[in-house]
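# Structure assessment
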Amino acid sequence: MEKKPKAVPAVVHSPLLKQTGTDVAGFLSRIDAGSDGYRKGLLLLAESCFRNANVDCVYLVGGLVSKRGVAKRIQEIHTREQLAYDAVKEELAELVSKWADMQSKLKDDKKKTDKSKLEGEKEKLEQKMADLKEKLSQLKPRKLAVISSEIVEQLSKELSEDLPHFQNKDGRKVKVYIVTSPAYDGSVGHQVALRLVELRKKERDVLYYGQTRAYAQLKKCGKGVVLLTPEKAVWRSPVYSSYPDRLVGDDLKRGSKNPPDMYVVGCFGSSLNRGKGSKKFQRISLPALHKLEDTTTGENMIGVRIVWFGKDRNEVRTYDFKHLTTNERSMITLPANCSKVQALILEDLKIHGSRHIGQWEDELGIPRDILEKELKELLGRKNSKSSLLYNEQSTQYSFDPEWMQKMLRFSWPEDGLGWSLDTVVGFSCAHAGSVHTAECFIVTELADILVEVGADVLFDAGDTIEGLKHDLDRRKEVLPGFNYTKMEKLAAHMLSTTMLRALEKRLDKALEGKDVKKISLAEVEELVSKHLVVFIYICGNHDDWELDIGLDSLALFDVLMRKLVTEGVDEILRKKGLPVMTMLSLRNLADKKVLAFTEDDEYTFQSGMKIGGIHYHAGRTAANSAWPERALAQFGGVHQKIVGNFHVEEQVEQYDSDLGLRASDMLPTLKCKSDFESKKGKIVDFGVGVRRMWSYKGRMLITESGLRGKNPNKSVKPDKVFEVHLKELGIDKK
């Protein structure tokens, strides 16, 4: 029975699990059986993730087998057979030539003694020729179609054994639904999927949905999910979202029904999440689940994703496995009974990958005869710990690639010490003072979101105020009577209220069942410091319009935020009968909790995770993930970079060899709409982004992304002020 890897840490389950009618689905793509990068160990680790998350179903979206890998294997087998056939054929031709020469000599030779000797040699030669002819008939190369059929059967049986029998925490069987891609699986993948269903017929845990597109109806929440894979091969793209969005766009054009709740796009090896926002559907893409040996469309991510489908929203979690495959030789464990010399050899191979015996002789100082003896013993071992291979052409030793594919197991950090969770709620473009800003959402719903997700940081990615440039006040885009001063005051009052309401709710929960009279001042200071969210803001182009009139951007906002937070915390403590902090302590607290950043500043959590923000002064691009990807490339030292200004949403995840998993979240606006964009044929996404980051010893291994908030589609109408004023004067407008 296959030994399962240690369970992935439970971390923190989604709040959606508490809601009835929540489906949990595991998604994977591109296991690429038949390729050099196939790893059974990754499948076992995926099973551990899914079991720990208590998934209800598993979807494999494209890449069951590798079309390229299978084609390469077929060609290698055919070439090998052809070479063996040609070698025997050439040997036979040489014998035929000798036989002809001998026949000629027999005719010319008149001596009986020589003739008798030649006839004996001729008979032996004819026997060899007969043997070679028989061998040649057996070595006749098979047709490519025959080899392909053999590989289909072979891969089907291998996958039947390798594909885990997925279960939830209670041991209940979880079904796997497969969709193949003509571009990545090819016809072989289609045949393997059909055969795999037959081989697992007894278990009834594998179902095949066909090629290219499949629709899945979730049982508990009733939502529909469309699984998409590419039908045709695509060229490399510098932007991750290009091909997923193209597939979704093509499907929308073909469809006659309403869009599903979510599109899940496989095969491209990326990790994208675009919430519904202005669209009727959410779109995510999937990482690959094999060691990336070559890239065709810019594949970067290795791992799996889990989605919690709730009634009102979906949350997407990503597990990064690329840090494991990047250093996969370090996962190899030494056999218990290996000698000291063998241990030195294996440890050296784990570092270098392949070595000549002479290199060990020089660097380890071990005589060649001893090395040859130890290597001979290692080559004869075929166990679960390690397996060596000797390449006669290069005279190098290395780990057996087939053993790496089947027997290598990946270890995951155990739950407990070393793990940290940091949560960031971010928004952009609040545009305080605009007639379209969702003010009620900011002062009421946003605080509830901060409490629910356990936010550590609230990040404002710019355009905090609407501003007055482009005659916005005369174009009825600004609340009547508002100037820069009032806009900054409004923003400060709204956002400080959000912070304070979240603090009060958290304190209420923390103080449940406690006698407030017995709580010391030191405990109060610790509670407030822990539960008051850190607010970070950067300036956007609307904020910087103040520079044109000789004012520092958001200077009043900054001062007022600190003042309101100071006074608000004091009021909350007095109201709850808790020991009151000194004003100096409160001011120091406010200075630590309200932070003004530039695009180059970084906020570092205790875990070592670093975040920052950038408000680009630019317009949208056709490829939605272009700006978040640019931010990741531009600011390589942070784990999360928040991007503002574009009023559309996209959350991008990407692996980095130094930092591990990284994320860039392009956040939507908190305006219900924008007249400027409406007149240019654009629509806006609304809401705040949530990013959870689970890190282990300073490297992010798991992250969760999502979009919160529903557009109220409610704007202030400036003309109403005129009507109200007439009524106050007793004038009835006709």
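A short tour of the structure in this document, coming up. The model shown is predicted, which means the values in this text are computed figures rather than measured ones.

### Some remarks on the sheet that holds strand β13 (residues 388-391)
Hydrogen bonds between backbone groups are what pair the strands of a sheet, and the pairing can be parallel or antiparallel. In space, the 3 strands of this open sheet follow the order β12-β14-β13, with antiparallel pairing throughout. Here the strands that pair on one side only, and so sit at the sheet edges, are β12 (354-355) and β13. Two elements, β12 and strand β14 (residues 396-399), share 2 bridges in a ladder whose sense is antiparallel. Bridging across to β14, Ser 354 finds its partner in Ser 398.

### Looking at the side chain of Asp 23
Among the secondary structure elements, Asp 23 is positioned in strand β1 (residues 23-28). As a buried residue without a salt bridge, Asp 23 has its nearest oppositely charged side chain in Lys 220, at a separation of 5.4 Å. A polar side-chain atom of Asp 23 sits 3.1 Å from the main-chain amide nitrogen of Lys 220. Beyond its immediate stretch of four places on either side in the chain, Asp 23 contacts Asp 56, Leu 218, Lys 219, Lys 220, Cys 221, Gly 222, Val 307, Trp 308 and Phe 309.

### Concerning the environment of Leu 578
In this structure, Leu 578 sits in the loop between α15 (555-575) and α16 (583-593). Separated by 57 residues in sequence, Leu 578 and Leu 521 have C-alpha atoms that sit 8.0 Å apart. Setting aside residues up to four positions removed in sequence, Leu 578 forms contacts with Leu 511, Val 516, Ile 519, Val 524 and Leu 573.

### Considerations on the environment of Ser 270
Among the structural elements, Ser 270 can be located in the loop between β7 (262-265) and β8 (271-274). The class for Ser 270 is buried, based on a relative accessible area of 2%. Counting along the chain gives 205 residues from Ser 270 to Arg 475, while the straight-line C-alpha distance between them is 42 Å. Excluding residues within four positions of it along the chain, Ser 270 makes contact with Tyr 240, Ser 285, Leu 286, Pro 287 and Met 301. In terms of polar contacts, Ser 270 uses its side chain to reach the side chain of Ser 285, at 2.8 Å.

### A word on the pairing of strand β11 (residues 314-320)
Regular strands show a simple pattern: their side chains alternate between the two faces of the sheet. Burial analysis of β11 places 7 of its 7 residues in the buried class, which makes it a mostly covered element. Residues of β11 alternate between two faces, with Asn 314, Val 316, Thr 318 and Asp 320 on one and Glu 315, Arg 317 and Tyr 319 on the opposite face, all of them buried. One ladder, built from 7 bridges, connects strand β10 (residues 303-309) with β11; its direction is antiparallel. Counterpart to Phe 309 in the pairing with β11 is Asn 314.

### As for the nonpolar core
Leu 28, Phe 50, Leu 64 and Phe 321 are the most contacted members of the largest nonpolar core, which totals 70 residues. If one sorts the elements of this core by residue count, helix α1 (residues 40-53) sits on top with 7 residues.

### Considerations on helix α17 (residues 626-634)
Residues of α17 that are buried include every one of Ala 626, Trp 627, Pro 628, Glu 629, Ala 631 and Leu 632, and no others. Where the residues of α17 are buried, they touch β20 (610-615), β21 (640-644), β22 (650-656) and β23 (660-666).

### Thoughts on the pairing of β10
With 7 of 7 residues buried, β10 lies mostly within the body of the structure. Both faces of β10 are covered, namely the face carrying Gly 303, Arg 305, Val 307 and Phe 309 and the face carrying Val 304, Ile 306 and Trp 308. Of the pairings in the sheet, the one linking β1 to β10 comprises 5 bridges and is antiparallel in character. Across the sheet, the residue bridging to Val 24 is Trp 308, located in β10. Between the end of β10 and the start of β11, which pair antiparallel, lie 4 residues.

### What to know about the packing of aromatic side chains
Here the structure, examined in full by the defined rule, presents 19 aromatic pairs. Centroid distance Phe 27 to Tyr 59: 5.3 Å. Interplanar angle 20 degrees. Geometry classified as stacked. Of this pair, Phe 27 sits in strand β1 while Tyr 59 sits in strand β2 (residues 57-61), and the two are 32 residues apart along the sequence. Overall, the relative accessible area of 1% leaves Phe 27 in the buried class. Among the residues examined, Tyr 59 registers a relative accessible area of 4% and is labelled buried. Relative to Phe 646, the ring of Trp 627 has its centre 5.2 Å away and its plane inclined at 20 degrees; by these criteria the two rings are stacked. Of this pair, Trp 627 sits in helix α17 while Phe 646 sits in the loop between β21 and β22, and the two are 19 residues apart along the sequence. With relative accessibility at 9%, the residue Trp 627 sits in the buried group.

### Regarding the side chain of Arg 708
Along the chain, Arg 708 turns up in strand β25 (residues 699-708). For Arg 708, a relative accessible area of 7% corresponds to the buried category. At a separation of 2.6 Å, a polar atom in the side chain of Arg 708 contacts the side chain of Glu 315. Sequence-distant contacts of Arg 708, defined by excluding residues within four places in its chain, comprise Arg 313, Glu 315, Phe 441, Ile 449, Glu 452, Val 453, Gly 687, Val 688 and Val 690.

### What to know about the pattern of salt bridges
Within this structure, the stated rule accounts for 52 salt bridges. Between Glu 150 and Arg 142 there is a salt bridge, with its nearest N and O atoms 2.6 Å apart. On the basis of relative accessible area, Glu 150 is assigned to the partly exposed category, the value being 38%. A relative accessible area of 25% means that Arg 142 is categorised as partly exposed. One salt bridge in this structure joins Arg 283 and Glu 650, with 2.7 Å as the shortest N-O distance.

Cut-off values and rules
- Counting restarts for each chain, with residues numbered from 1 along the sequence as it is written.
- Per-residue local features are limited, in this predicted model, to residues with pLDDT of at least 70; the limit for side-chain atom pairs, both in listing and counting, is 80 or more; totals at the level of whole chains, interfaces and linings are taken over all residues.
- In computing side-chain properties, one takes all heavy atoms of the structure into account and sets aside hydrogens as well as water.
- Here, a strand pair is defined by DSSP locating no fewer than two bridges between the strands.
- Numbering of helices and strands starts at the N terminus; helices are DSSP runs of H or I of at least 4 residues and strands are runs of E of at least 2.
- The buried label goes to any residue with under 20% of its type's maximum accessible area, the exposed label to any with over 50%, and the partly exposed label to all in between, with areas taken from a 1.4 Å probe on protein chains only.
- Charged residues are defined here as Lys and Arg on the positive side and Asp and Glu on the negative side; His and the ends of the chain fall outside this count.
- Salt bridge, as used here, is a side-chain nitrogen of Lys or Arg placed within 4 Å of a carboxyl oxygen of Asp or Glu.
- Under the rule applied, a polar contact is a pair of N or O atoms within 3.5 Å (in protein, one hydrogen donor and one hydrogen acceptor; residues adjacent in sequence only if both atoms are side-chain atoms).
- Pairs of residues are marked as contacts when any of their non-hydrogen atoms sit within 4.5 Å.
- Here, nonpolar core refers to any group of buried Ala, Val, Leu, Ile, Met, Phe, Trp, Tyr and Cys residues whose side-chain atoms link them within 4.5 Å.
- For this analysis, a ring pair means two rings from Phe, Tyr or Trp (six-membered ring only for Trp) whose centres lie within 6.5 Å, classed as stacked if their planes differ by under 30 degrees, edge-to-face if by over 60, and tilted for the remaining angles.

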